[in-house]
Amino acid sequence: MPPRADEPPRRGPQPRRGASREQPAGGHETDPGFTGIGDARAYTPRGRTVRESDQRTRSPRSGRTTDPFRPALQVLDDGQPAPRRRGDDGAARRQPRDRGDDGAAGRERDRDDGGAARRQREGGRQRGGDDGGAARRQRDRGDERPVRRQPRDRAAEPAEPAPRSTNGRAAKTRSTAGGERQRATARRTGGNDRERAVAPAPRRTARGRPANAARYAPKRPVALAPPAPPKLANSTRRLRLGTVLALALFVTIGVRLVTMQVMESPADARKLLEQRNNRLAEVVLPAPRGSILDRSGAVLAHSVEARYIYADPMLVKNPADAAARLSPLLGIAPSKLMQLMARKKSPFGGQSRFQYLARGVDIAVADRIDAMKLPGINSDRDERRDLPGADLAANLIGFTGEDHTGLEGLEARYDELLRGTDGERVFERGNPRVDAGQLAKEIPGGYHRETAAQPGTSLQLTIDRDLQFEVQRFLSDDMRRVNATIGAAVVLDVRTGEVLAQASYPSYNAAKPFDAKPADRDDVASSVVADPGSTHKVFTLGAALQEGAITPDSAITVGPALMRGGARFPDTHPQARGTKLTVPGVLAYSSNVGTILIADRIGKQKLYEYQQKFGLGQATGEGTPGEATGRLLAPDQWSGSASGSVPIGMSVDATLVQMVAGYAAIANDGLYVQPHLIKDTISGTTGAVTPAAAPQTRRVLSPENARALRTMMEAVVDVKGATGTRAAVDGYRVAGKTGTGKMLVDGRYTSHNAGSFIGMAPADKPRFVIGVFADVPNGTGGEVAAPAFQKMMSFALAHYRVPPSGSKAPKFKIYP
């Protein structure tokens, strides 16, 4: 009997993939009546088969519940795939599966599927009444011919329930979660347990299949589409808008800058600059100037705290009255003060707002000026150069100006080291009309820039302050005694070349340098050149000894005088013609004739070379500014009389420092050591001590010849009637030589005599070399210079505790 037209197709439950047909799948009952030909015909595909779901529309969850190796087939009606509806796969996956084979349990589960699945099946039955019903009736009759479906509006149809997943393993692991989702879906779609409990039991067919199964089948829940996420702002649009705004801002700024730089008039630019300068005050922060110390660290010159008085011309109300009140305190004429307080243009544009009136003012005087409260007149911290010894080594040290710049002496020579680097404070000030009289009134929080001052480097000299004081005192006393116009003295350490004392006459107070004449501020020892006279004869005899032209036992035939180039060269101690003198006798009596004859034995070229070796014709480089180089006659410049004048120290220009350095080479066993004044430099910031560069040295004589020459030079002091007997020092052997020449002034010789004495002691092992020079109307070196030498050498030996000579001077033969 054919099945009823309204009955669903007689299709048994689909077996689970991977399970046998005897094993029921998905918890559905195995219908024993579905084993006939009709069941087989019902499951025979009547058209093309395709995959159960389209790969393009497969959901991620469906991929996990199907077998990738056995794709499910679906029967197509009329060669067209059944329409897929939104939520089919999700609803099928959410159905829990029970693998039990109890039919009652299956039916109970069907009743719990919820109203959503039942309504879906009812919707399918209704569609079956149209075109689906015809196909179903035809299949029930066993008709193999396909029935053409009528076109329908798929958009208006309810969504078909998706086939349940046959993947038992996946259903087993998700049964609990799937049940929860089904119940939640049922509650959303309006189904509840009470309605399912009162639903009428479906009528069953003869084969045990419920009649109208599709009608009573629980409808599967329809998955609701998730709510659309909130629409986010377009970040690209915001970025483009921000870029456009930033570019517009930069373009505006650039155009404005170009306009200000190019298009505005110079007058506007000057006006802006002037307004800026009028509101900024600049104050110089003086850098502490380095000190000048003696060899023991005692201060010879340093800077002390003082005050400077300054004016703001824009704030001075009555310049005449202010100048009249300041003049007695500052010692400056009122007319000069008025000029300083006059308004003037600043080199940087605008009106000048700062002008020094006086520097180095005592603190007490500055306090009195501040108490006057003069508009535009103020004081600030300054320093003043102070020399504790007043005139002590003043000609050597020099002085500074009001701006603390070295003007003369060592202050000028080493100014860059001593002065350091000034600092600066620039700040914004208030309105001058409001803050009258307060130039330094700074606006709190306004513009402020301050550069700290860098202290200068200090100099430590080789000078011994105590020895310098005594040498300077002895020199001044003797120069006044002999009515000298100028004089000088130098004390040199033989072994190191250090200048222990260097004095000049006259001296001056370096604290008030402009009270002295410019000529009185000169360092005579290094700047005044003169004929060395007979002191040069030692160099001539030393060259002859070194060249082997003479020996200490040589005898020289002398006479009353010699003629050279039409010039007569007599002796101050005339000797009869044919008289023979020993070399010590030539030195003791300062024989011009004997010296000229010895020079003839070595020639002018050798004599010129030894003059240079002894340091003549070039500055010593001891460290004083403006040191004179002296002058030597080259051999090709000699005239007919030069062979007579040069060996005895005429036609030669030299300073006292040069001559003393040459004598020190003889005292140092023939080794020349460059004289120098600078011992160390001391950093003003770190206090690090840096020794001065090592002095230059060179060999002039052999030690044997130097000792022989020293011994012969003792005859000048020891031999009765010799020229230097007044230079003898008790207890010490003294070697030296007197000299009398002429001083050069503007390239011409003066009528005065340039007397000098240079000696060393102890002669057997010299420690000091001292030279004394004096320009006197009359007198010789032995008369005007030897007495001062004797005092200076005695003090130096005692001051440094040099032991007396251990032996007496030898007995010299003047005549062989």
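What you are looking at is a predicted structure, and each value in this text was computed from that prediction instead of being measured.

Reading the values: rules and limits
- Residues numbered from 1 in each chain as written.
- Predicted model: local features only at pLDDT ≥ 70, side-chain atom pairs only at ≥ 80, totals over all residues.
- Heavy atoms only, no water.
- Helix = DSSP H or I, 4+ residues; strand = E, 2+ residues; numbered from the N terminus.
- Buried < 20%, exposed > 50% of the residue type's maximum accessible area, 1.4 Å probe, protein only.
- Contact = heavy atoms within 4.5 Å.
- Areas by Shrake-Rupley, 256 points an atom, 1.4 Å probe, with all protein chains shown as cover.
- pLDDT = per-residue confidence, 0-100.
- Phe/Tyr/Trp six-rings, centres within 6.5 Å; stacked < 30°, edge-to-face > 60°.
- Pairing = 2+ DSSP bridges.
- Axes fitted to C-alpha atoms, helices over the stretch in contact; angles between N-to-C directions.
- Expected span 1.5 Å × (residues − 1).
- Bend = angle between axes of the 7 residues up to and from the residue.
- Polar contact = N/O pair within 3.5 Å; in protein donor to acceptor, adjacent residues only side chain to side chain.
- Core = buried A, V, L, I, M, F, W, Y, C linked by side-chain atoms within 4.5 Å.

Remarks on the overall build of the chain
Helix and strand content of the chain: 28 helices and 25 strands. Burial statistics for the chain: of 816 residues in total, 47% are counted as buried. Residue pairs at least 24 apart in sequence account for 75% of intrachain contacts in the chain once pairs closer than 6 positions are excluded. If you sum the accessible surface of the chain, you get close to 40900 Å²; carbon and sulfur atoms cover 52% of it.

Remarks on the confidence of the model for the chain
On average, residues of the chain score 78 in pLDDT, and 68% of them are at 70 or above. This model gives residues 40-66 a pLDDT under 50, and the stretch forms 56 contacts once residues within four places in sequence are excluded. Here residues 122-135 scores under 50 on pLDDT; set against residues more than four positions off or in separate chains, the count is 19 contacts.

Comments concerning the packing of aromatic side chains
In total, this model carries eleven aromatic pairs according to the counting rule given. Ring plane angle 85° and centroid distance 5.0 Å describe the contact between F354 and Y356, whose orientation is recorded as edge-to-face. Between F768 and Y800, the ring centres sit 5.4 Å apart and the planes meet at 55°, which makes this aromatic pair tilted. In this pair, F768 sits in strand β25 (residues 768-776) while Y800 sits in the segment after α28 (786-799), placing the two residues 32 residues apart along the sequence.

Considerations on unusual backbone geometry
A cis amide bond links Y505 with the next residue in sequence, P506, at an omega value of 0°. For the peptide bond that leads from A761 to P762, omega is -15°, which places it in the cis range. With respect to the helices and strands, the residue P762 is situated in the loop between β24 (748-761) and β25. For D669, which is not glycine, the phi torsion reads 60° and is therefore positive.

Remarks on the sheet that holds strand β3 (residues 280-285)
As summarised here, the arrangement of the three strands in space is β3-β10-β11, forming an open sheet in which the pairing is antiparallel. For this open sheet the edge positions go to β3 and β11 (448-451), each flanked by a neighbour on one side alone. Each strand axis lies, on average, 10° off the axis of its neighbour in the sheet, ignoring direction. As judged from the four bridges shared by strand β10 (residues 423-428) and β11, these two strands associate in the antiparallel manner. Bridging from a neighbouring strand, R425 pairs with E450 of β11.

Quick word on helix α22 (residues 592-613)
Given a rise of 1.5 Å per residue, 22 residues ought to cover 32 Å, yet the end C-alpha atoms of α22 are separated by just 22 Å, more than 12% below that figure. Along α22, the helix axis deviates most sharply at G603, where the bend reaches about 100°. Residues N592, V593, G594, T595, I596, I598, A599, I602, L607, Y608, Y610 and Q611 constitute the buried set of α22. For α22, the capping residue at the N-terminal end is S591, with a side-chain oxygen 3.0 Å from the backbone nitrogen of G594. Trailing α22 by a residue or two, G615 shows a phi angle of about 100°, which is positive.

Some thoughts on the side chain of R521
As for its placement among the helices and strands, R521 is situated in the loop between β14 (499-505) and α19 (524-527). With relative accessibility at 10%, the residue R521 sits in the buried group. Within the local environment of R521, its side chain forms a polar contact with the side chain of E408, the two groups lying 3.2 Å apart. Contact partners of R521, with chain neighbours within four places excluded, come to N395, F399, E408, Y508, P513, F514 and A516.

Side note on the pairing of strand β16 (residues 561-564)
Both faces of the sheet carry side chains from a regular strand, because those side chains alternate between them. Where β16 meets strand β17 (residues 567-570), four bridges bridge the pair, whose relative direction is antiparallel. In the sheet register, A561 faces β17, and the bridge partner there is P570. Between β16 and β17, which pair antiparallel one after the other, the connecting turn spans two residues, and G565 there sits at a positive phi close to 60°.

Focus on the pairing of strand β13 (residues 486-493)
Counting buried positions along β13 gives eight out of eight residues, so the element sits mostly inside the fold. Of the two faces of β13, the one carrying I486, A488, V490 and L492 and the one carrying G487, A489, V491 and D493 are both buried. Across six bridges, β13 lies against β14 in antiparallel orientation. Residue A489 lies in a different strand from β14, and its bridge partner there is A503. Connecting β13 to the antiparallel partner β14 that follows it, the hairpin turn spans five residues, and G497 within it adopts a positive phi of roughly 80°.

Quick word on the nonpolar core
With 97 residues, the main nonpolar core has L461, Y663, L701, L709, M713, V769 and F773 as its most contacted residues. The dominant element in this core, judged by the number of residues it contributes, is helix α24 (residues 656-667), at ten residues. When neighbours within four sequence positions are excluded, L461 is seen to be in contact with I292, L293, D294, R295, L300, L410, L677, I678 and K679. By size, the runner-up hydrophobic cluster in this structure holds 35 residues, among which are M479, V717, V729 and F789.

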